[in-house]
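Descriptive structure summary
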Amino acid sequence: MRGKQFIICGLGKFGISLATELAQSGYEVLVVDKSEERIQEISAVVTHAVTANTTDVDVMKSLGIRNFDVGVVAIGKDIQSSIMSTLILKELGIPYVVAKATSSIHEKVLRKIGADRVIQPELDMGRRIATNLISGNILEHIQLSSEYSIVEIPVLREWINKSIIEANLRNKYGINVIAIQRQGKIDISPRPDYVFVEGDLLVVVGSNVRLKTLESSRNAR
């Protein structure tokens, strides 16, 4: 099964960061922006980079974007372009469209015209950090070094009703489980006979290479 394909409209700081992260994670990424300079800067990183106006429906149609799985409108300040680009992605059949908003009113408009998800990066990050501080939730990702990380992953279907030792996580996937969250409760250093159930969230440590392979395998299911 092929991996997800992303189209990103707008190359501000958020768009560039998102495109770079997705491309480095092995996904096919098409970026579109009016600025030839920004396109040139990122062209070596992503799969395709096109200088174009994302509010021109004919141009966007010619790029074959209906074949992409996820569209991201990362345009912030130019609200009219943000709205038009979101409409075009939806009209051209992108299954899931994420749009960046700069205000609550902007967010409401984007939702009304069909954006599947609307984000306000700075606001969302602030809420997320506050929630983690208040609830003590485990972190989703901590990079220990350039080689190793601690990440939070949902239990895989094939692990359910198996114990940690039966799932053979260390030998098969190169990861060690350091904590498990179940129904809001966290079990630190679970025993080898701990049996996974649906809904478990695992905090694991492993090499970045093995973790990326595991993520790709999980997305392909």
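Before going into details, it helps to say that this report is about the structure given with it.

Moving on to the packing of aromatic side chains. Scanning all chains against the criterion turns up 4 aromatic pairs. With a centroid separation of 6.1 Å and an interplanar angle of 35°, the aromatic rings of Trp159 and Phe196 are classed as tilted. Remark: Phe196 occurs in the loop between strand 10 (185-188) and strand 11 (201-207) and Trp159 occurs in the loop between strand 8 (148-154) and helix 7 (164-167); sequence separation between them is 37 residues. For Trp159, a relative accessible area of 1% translates into the label buried. Note on Phe196: relative accessible area 0%, which makes it buried. By way of ring pairs, the aromatic residues Trp159, Tyr173, Tyr194 and Phe196 are connected into one cluster.

Here the structure, examined in full by the defined rule, presents 4 salt bridges. Across the pair Glu107 and Arg111 runs a salt bridge, and its minimum N-O distance is 3.0 Å. You can see Glu107 and its partner Arg111 sitting in helix 5 (residues 104-112), 4 residues apart, about one turn around the helix. For the salt bridge of Arg182 with Asp200, the shortest nitrogen-to-oxygen distance reads 2.7 Å.

Right, let's talk about the environment of Thr20 for a bit. Structurally, Thr20 can be placed in helix 1 (residues 13-24). Spatially, the C-alpha atoms of Thr20 and Ile42 are 7.9 Å apart, while their sequence positions differ by 22 residues.

Where strand 9 (residues 175-182) and strand 10 come together, 4 bridges link them in antiparallel fashion. By the bridge assignment, Arg182 is partnered in strand 10 with Lys185. Remark: 2 residues form the turn of the hairpin made by strand 9 and strand 10, two consecutive strands paired antiparallel; Gln183 in that turn has positive phi of roughly 50°.

Let's shift gears to the nonpolar core. Core analysis: the largest hydrophobic core is formed by 20 residues, its most contacted members being Ile7, Met60, Ile65, Leu89 and Ile94. Counting residues per element, the ones that place at least two in this core are strand 1 (5-9), strand 2 (28-33), helix 4 (79-91) and strand 5 (96-100). Leave out the neighbours within four places in its chain, and Ile65 touches Ile7, Leu30, Met60, Leu89, Leu92 and Ile94. Grouped together as the second largest cluster of nonpolar side chains are 18 residues, Ile175, Val177, Tyr194 and Leu202 included.

Criteria and thresholds
- Residues numbered from 1 in each chain as written.
- Predicted model: local features only at pLDDT ≥ 70, side-chain atom pairs only at ≥ 80, totals over all residues.
- Heavy atoms only, no water.
- Phe/Tyr/Trp six-rings, centres within 6.5 Å; stacked < 30°, edge-to-face > 60°.
- Helix = DSSP H or I, 4+ residues; strand = E, 2+ residues; numbered from the N terminus.
- Buried < 20%, exposed > 50% of the residue type's maximum accessible area, 1.4 Å probe, protein only.
- Salt bridge = Lys/Arg side-chain N within 4 Å of Asp/Glu carboxyl O.
- Pairing = 2+ DSSP bridges.
- Core = buried A, V, L, I, M, F, W, Y, C linked by side-chain atoms within 4.5 Å.
- Contact = heavy atoms within 4.5 Å.

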